[in-house]
Amino acid sequence: MPTSTNLIDELDRLEQQASAELPHLTTDTSLDEWRVRILGRNGSLAGLLRSLGTLAADERPRAGAAANRAKTALEAAFSERQRTLRAASRIQALEAERIDVTLPARGVQLGSLHPITRIRREIDSVFTRLGFAVVEGPEVEWDHYNFTLLNIPPDHPARDIQDTYYVSDLQAEGPDGANGVVLRTHTSPVQIRTMLAQKPPIRVIVPGKVYRNEATDASHEAMFTQVEGLCVDEHTTMGDLRGSLTLMIRTLFGPESEIRFRCGYFPFVEPGAEFDMSCHVCNGGGCRTCKQTGWIEIGGCGMVHPKVLENCGIDPTRYTGWAFGFGYERMALLRYGVDDIRLFYTNDLRFLNQFR
Amino acid sequence: MNVSLKWLRDYVDVTLPAEELARRLTMAGIEVDGIHHVGASWENVFVARIDKIEPHPNADRLRLVTASYGSSGADRTLRVVTGAPNINEGDVVPLGLVGTRYRDNHTDPPVERVLQPTTMRGVPSEGMVMSGFELGLNDDHAGIMILPPDTQVGLPLAEALGDTVIELDLKGRADCLAMIGVAREVAALTGADIRVPNPAAPPARDRRHDEQVIIEIEVPALCSRFVGVLLKNVKIGPSPAWMQERLQAAGMRPINNVVDITNFVMLEWGQPLHAYDYDSVRGGRLVARPAREGETLLTLAEERSEIRLATDQLVIADGERAVGLAGVIGGADTEVRETTTSILLEAANFKPANIRRTARALLPRPTEASRRFERGIPPEHAMPAAMRAAQLMVELAGAEVVGEPVDTYPAPLWREPIVLPITELKRLLGVDYDASTIEGVFDRLRFAYQKPDTAVNGGNYVVTPPVWRLDIERPADLVEEVARIDGYHRIPTTLMQGAPPTPVINRELQWEDRVRDVMVASGFAEVVSYAWTSQEKLALVPRASVADTGDAGAKLAALVDARIAPNVEPVRIDNPSNRDQDVMRTCALPSLLQSLADNLRRQSRDVLLFEIGRIYVRRDGKLPEERRVLTAVTGELRTGPGLAPAQIDFFFMKSVLDTVLARMGIAGHGYIAVQHPAFHPHRAAGVILNHRPEAAGKKPVQVEDVIGVTGEVDAETAQRYDIAQRAYLFCVDLDRLIEHAQDVRTFKLLAEYPAVIEDLAFVVKSDLPAERVLTAIQRGGAPLVEAVELFDVYQGDRVPEGTRSLAFTVTFRAADHTLTTEEVAAVRARVIQFTERQTSGKLRG
């Protein structure tokens, strides 16, 4: 008759031998074979447990406890080995999927907005926050709107200030009964169209392409982009013009920026001014960008000439108006440090990709 | 206008440094474009007297000049070799020592050189006697510059001739095209006193009967005043050095004393004058009249050319013929010559617009006179300028004035005083000026004024500007005067008060910008093309022929062109800068293909470009339509090692367009194969709104539904741009898309009941558009088919030749209940039956 002591010894031996085998098993198959052989229904452990029934009743509890310990220990060892093997195989599988993260990204890269578009959006946003509407108008325009109603009648010497492209082959009669047509030399005709169509208060900015028959060089293009602003109301002054321009320049170039007015002649404003901004490179101290003056010329502005208001049916004794204009290219040259205006229209990706 | 400060000091004391003066003038609206220090390069140049001239032993053309330049007894002598023919012993000349910087005109363009000791044909030369050109003073390089004989020998030349010239860029202020005008401005800005020459009439002898002067004005609207003065016993000769120096500083060439005096007075007063040879003027008569039909005039001096006159042009005629083009240029017949002894001097005033039109029509560039008349000069200056010139002719040309000047001034200019409400300054500028500031400015500018007094003038200033300020017409002009003299820095920095106007969104620009963002995110770089082009460049991209056969693809091409490349005569520019920029573009494709080609030529790769720009479409009776188009172009995309090739092809461009339209909230568009000569015959599509595939081939596409084209560029077209790779283009009418764009999205309830998702494949003829099968599935299963998506296209051994298998994922769903198995089976059967019938295809089992 077997004793509990013998059985316990056999259990210990099984546990030791079987556990010792586990570290040598490296595949799922061999591990599974081990499980069937040791822990299976007809396995070694089951065989020993069956002999529990042959023990005397008083020997059974001790041997039963030992058998449970051995079973728990072997199962734990099995699970442990299984986890280890699975982890190893997952690592292996992942290893096979290793990539070189420094290979280039797939698909198309980000494109780019034209620098003039970027500048336009920045400036638009300043003025739309001040309640200005953005309006556009034709580039092929009536002479009457481009010049005459702006206080530049035919044969006026101020027509020389803007060298003009003329278009005479349209079969069309303009608002003055004549057929003078030009490529607009500024976006001011849109101011005229606005004032003819709308009563004050008026706040508009007018971006758009303009054309001047000039020789091109690093700072002159025959086609360029301009923005003009117009404000007409009962109590607006040249101070408001200065304030609005100051807000714009500070938004683009920082809170230290200042606007300076110089007296200037434009037939459609009186008083008229050229406006400069304090040099953003040297903060007014003098440098190459500002030719040592501390100031950079930006554009023209002034109070809308009373004749222009009258031409548009607005009473100049009741309303005042101010207007300004400048080239986006000039602003972009300053903002991005571009040194040649012609780069804006050569459509060179090496240039454009710098404005992603 | 070039202003010599030396000359300016004749009229006003200038104590400020030139740079500060320039700054003040610029701030006050007289823009200074440049400051030139005449003589800055003359450190080694002295005033010298020529003591001896000897022939050169080895050269006929050269001479040896010994010149002394010692001052106060010091004996300094040099011997130089010169080829100049115009010098004599005793002449006072500029002498440059070794180290002198000079302009060398033997090269084109002239260069600056430094004088080195040299030997010429065996004789050493220790310096050089110099021409005006070499000194940088003028363009005279024919001979050595001869200085006035009383110039102090030994003086550095810079002390004798040095000057500072400021260059004014005058856009407005016509009165500053005169030294006196500039002097008045300087006086007003600096508080200095002004010295205007006294224009009193010089003593005159009585007129004899054969010395009559008759002045007539036929058209007072074109000539408001005409003053004539007769001078006799004139001795023509050179004008004095001081006058020549001044003329040269202003950029004019001295000619003779009479002509120089007229030019000098014009520069001083701004009033152009003309001197006629009285003995050539027939009948002693000058008439300002329109030119006669067919009349011609031979113009004077270097400009000499015969010009044919028109009847709206004003001439000055004598008793018989035109002798000058009024206010523009004189005639050769009555020109002052060396033999002239009698002068008839003209000081007149002409209508600016007419002068301008005449000068532009007849001459290549304006003259000094026409430049002044076209900007307007005060008629009141005619008499003082005539008197000033007469004085100088008496003084410098020995002339004798005959009789009273003849002054024809039918309607003297009357200018209404300007009423300036005291509130006007604050109203326009936002600045509170006190009375002393305002009145101080008026005083400095010599504006006459009444102080505000309620009883007298309603509490307003009543201001009469001086005669020379024709530009002051209105209260606003006076406001500018106060602001600019007191300084624009007084204008405050404020913002608008009161309620803002109702904000208005610019729908077009807003959509433009949203589309730009989509394009940029899709990989495209924005470009901006010139609006102008040429017919030849436009023709590089072929157009669909208009009259066409029954072929639907070709008909569609014509509709596409009507949208993006209308067949109209382009708008022509009269005066283009270049011959290849003489029309406004009617199509954007050539610009974009050119940009693609340019970038490939510059070795850029992955070139994806887009533009939102206008095309210009001629219309009857109106300005051209300026149609917004969105155009995109790409070449091939670079593929890298270890990467699946990202592919640019027709479908890439289609996906970009789909993305743009999705962003714009436009649904129901589609693509129909198009045969367009600019595109691959089998890889291009018209882009159609309100697309109804089920109507394909039955109903023609509506012209207003065609919005553009997308496809692979035809190889022959690409070749014209030297594009050697496959290129893809799309172009759509953005204005039309914006009309259809939807900003507002309407929420639909999320599906409450589960869907049944199944795959169905059909074998159809290979050339049947996939879209037709898809539509058939949708229609066959309506309304229970929620979505149909194509997921596989198979063509090969496992399907019959000439067919292909199209596999779709079909989503069945009912809005109000869960579909039963029976329902799904029924709808599936309907779908299969309908699709097989519609497509002549078979379900793939």
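Residues numbered from 1 in each chain as written. Chains lettered and ligands numbered in written order. Predicted model: local features only at pLDDT ≥ 70, side-chain atom pairs only at ≥ 80, totals over all residues.

## Focus: the overall build of chain A
Defined as follows: In this description a helix means any DSSP run of H or I spanning at least four residues, a strand means any run of E spanning at least two, and both kinds are numbered starting from the N terminus. The atom set for the radius of gyration is the C-alpha atoms, and the globule formula is 2.2 Å times the number of residues raised to the power 0.38. In this scheme every C-beta is placed from the backbone, and a residue whose C-beta has 20 or more other C-beta atoms within 10 Å is buried, one with 12 or fewer is exposed, and one in between is partly exposed. Throughout, a residue-residue contact means that the two C-beta atoms, derived from backbone geometry, are no farther apart than 7 Å.
What chain A contains, in helices and strands, is 11 helices and 10 strands. Relative to its length of 356 residues, chain A is extended, with a C-alpha radius of gyration of 44 Å against a globular reference of 21 Å. The principal-axis extents of the C-alpha atoms in chain A amount to approximately 135 × 50 × 40 Å. For chain A, with 356 residues in total, the buried portion stands at 43%. Taking as baseline every contact in chain A between residues at least 6 positions apart, the subset at least 24 positions apart corresponds to 66%.

## Here we look at the overall build of chain B
Check the secondary structure of chain B and you find 23 helices and 40 strands. Its C-alpha radius of gyration of 42 Å places chain B more than 25% over the 28 Å reference for a compact globule of 845 residues. With the principal axes as the frame, chain B shows a C-alpha extent of 130 × 90 × 55 Å. Taking all 845 residues of chain B together, 42% fall into the buried category. By sequence separation, contacts in chain B at least 24 residues apart represent 70% of the contacts at least 6 residues apart.

## Topic: the pairing of strand 3 (residues 45-56) of chain B
Residue and element names in this part refer to chain B. Going by this rule: Following DSSP output, two strands are said to pair if at least two bridges run between them.
By the bridge criterion, 5 bridges tie strand 3 to strand 6 (residues 92-97) in an arrangement that is antiparallel. Among the inter-strand pairings, Val45 is bridged to a residue of strand 6, identified as Gly96. Pairing analysis gives 7 bridges linking strand 3 to strand 4 (residues 59-68), with the strands arranged antiparallel. Bridging across to strand 4, His56 finds its partner in Ala59. Where strand 3 folds back on strand 4, the antiparallel hairpin that results is connected by 2 residues.

## Looking at the packing of helix 5 (residues 115-129) of chain A against helix 10 (residues 328-336) of chain A
Helix packing geometry: the angle between the two helix axes and the distance between the axes. Residues and elements named next belong to chain A. Quick reminder of the rule: Inter-axis angles, ranging from 0 to 180 degrees, are taken between N-to-C directions of lines fitted to C-alpha atoms, where helices are fitted over the stretch in contact. Reported orientations rely on four angle classes, namely roughly parallel under 35 degrees, roughly antiparallel over 145, roughly perpendicular from 65 to 115, and oblique for the rest. Polar here means any residue other than Ala, Val, Leu, Ile, Met, Phe, Trp, Tyr, Cys and Pro, which are nonpolar, and Asp, Glu, Lys and Arg, which are charged; Gly is therefore polar.
Packing of helix 5 against helix 10 leaves a shortest axis separation of 9 Å and a crossing angle of 95 degrees. Taken together, the axes of helix 5 and helix 10 are roughly perpendicular relative to one another. Counted together, Pro115, Ile116, Ile119 and Arg120 of helix 5 and Tyr328, Glu329, Met331, Ala332, Arg335 and Tyr336 of helix 10 form the full contact between these two elements. Of the residues contributing to the contact of helix 5 with helix 10, the split by class is 7 nonpolar, no polar and 3 charged.

## Side note on the interface of chain A and chain B
Contact with chain A, which involves 74 residues of that partner, is made by 81 residues of chain B. It is helix 8 (residues 238-253) of chain A that contributes the most residues to the side of chain A that touches chain B, 7 residues altogether. In terms of residue class, the side of chain A that touches chain B is built from 36 nonpolar, 23 polar and 15 charged.

## Focus: the environment of Asp240(A)
Within the secondary structure, Asp240(A) sits in helix 8. On a C-alpha basis, the gap between Asp240(A) and Gly321(A) in space is 10.0 Å, while along the polypeptide they are 81 residues apart. Those residues in contact with Asp240(A) that sit more than four places away from it in its chain are Cys231(A), Trp322(A), Thr494(B), Leu495(B) and Met496(B).

## Section: the confidence of the model for chain A
If pLDDT is low for a region, its predicted coordinates should not be looked at in detail. Defined as follows: A score between 0 and 100, pLDDT records how confident the predictor is in each residue.
When pLDDT is averaged along chain A, the result is 92, and 99% of the positions lie at 70 or above. The secondary-structure element of chain A with the lowest mean pLDDT is helix 3 (residues 44-50) of chain A, recorded at 87, while helix 9 (residues 306-311) of chain A shows the highest, at 98.

## What to know about the sheet that holds strand 12 (residues 163-169) of chain B
Residue and element names in this part refer to chain B. Read from one edge of the open sheet, 3 strands run 1-12-2, paired in antiparallel fashion. Two strands lie at the open edges of the sheet, namely strand 1 (2-4) and strand 2 (31-38), each paired on one side alone. Each strand of the sheet is rotated relative to its neighbour by a mean of 25 degrees, with strand direction disregarded. Of the strand pairs in this sheet, strand 2 and strand 12 are connected by 7 bridges, and their pairing is antiparallel. Residue pairing for strand 12: Gly34 is matched across the bridge by Glu167.

## Regarding the domain arrangement of chain B
For the record, the criterion: These domain boundaries are the output of an automatic or database domain assignment.
The assigned domain composition of chain B is domain 1 (2-37 + 165-190), domain 2 (45-161), domain 3 (204-408), domain 4 (419-490), domain 5 (508-740) and domain 6 (756-843). One C-alpha centre belongs to domain 3 of chain B, the other to domain 6 of chain B; they are set 96 Å apart.

## A short note on the nonpolar core
Residues and elements named next belong to chain B. Quick note on the threshold: Any set of buried Ala, Val, Leu, Ile, Met, Phe, Trp, Tyr and Cys residues joined through C-beta atoms within 7 Å is what this text calls a nonpolar core.
By size, the foremost hydrophobic cluster in this structure holds 294 residues, and its most contacted members are Leu231, Ile343, Leu345, Ala386, Met393 and Leu609. In terms of residues, this core owes the most to one element, helix 10 (residues 382-397), which gives 9 residues. What Leu231 contacts, discounting residues up to four positions off in sequence, is Ser342, Ile343, Leu345, Ala390, Met393, Ala399, Glu400, Val401 and Val402.

## Remarks on helix 5 (residues 179-190) of chain B
It helps to recall that an α-helix has 3.6 residues per turn; residues three or four apart then point in one direction. Residue and element names in this part refer to chain B. Note the threshold: Helices are assigned an expected span. That span is 1.5 Å times one less than the residue count.
The first and last C-alpha atoms of helix 5 sit 16 Å apart over 12 residues, in line with the 16 Å expected at 1.5 Å per residue. With 10 of its 12 residues buried, helix 5 lies for the most part within the structure. Buried residues belonging to helix 5 abut strand 1, helix 1 (5-8), helix 2 (18-27), helix 7 (257-269), helix 12 (435-444) and helix 14 (475-486). Backbone geometry just after helix 5 places Gly191 at a positive phi near 80 degrees.

## Topic: the sheet that holds strand 25 (residues 418-421) of chain B
Residue and element names in this part refer to chain B. The strand order across the open sheet built from 3 strands is 25-27-26, with neighbouring strands paired in antiparallel fashion. In this open sheet, the two edge strands, each paired with only one partner strand, are strand 25 and strand 26 (448-450). Sheet twist, expressed as the mean angle between neighbouring strand axes with direction ignored, is 25 degrees. One ladder, built from 4 bridges, connects strand 25 with strand 27 (residues 460-464); its direction is antiparallel. What sits directly across from Val419, in strand 27, is Val462.

## Things to note about helix 15 (residues 507-521) of chain B
All names here are of chain B. For helix 15, with 15 residues, the first-to-last C-alpha span of 21 Å sits near the 21 Å given by 1.5 Å per residue. Of all the positions in helix 15, only Trp511, Val515, Arg516, Val518, Met519 and Val520 are classed as buried. A positive backbone phi angle near 105 degrees is found at Gly523, which sits one or two residues after helix 15.

## Re the confidence of the model for chain B
Mean pLDDT over chain B works out to 92, with 98% of the residues at or above the 70 mark. Listed scores for the predicted complex are pTM 0.88 and ipTM 0.89.

## Observations concerning unusual backbone geometry
The linkage connecting Pro200(A) with the following residue, Pro201(A), adopts the cis geometry, with an omega of 0 degrees. As for its position among the elements, Pro201(A) is in the loop between helix 7 (188-197) and strand 5 (202-211). Residue Pro783(B) is reached from Ala782(B) by a cis peptide bond, and omega for that bond is -5 degrees. Considering the arrangement of structural elements, one finds Pro783(B) in the loop between helix 22 (770-781) and strand 38 (785-794). Look at Asn151(A): it is not a glycine, yet its phi comes out positive at around 70 degrees. Among the structural elements, Asn151(A) can be located in the loop between helix 6 (143-146) and strand 3 (166-167). Looking at Asn151(A), the number of C-beta atoms within 10 Å reads 20, which means it is buried. The backbone of Ser840(B) sits at a positive phi, close to 50 degrees, despite the residue not being glycine.

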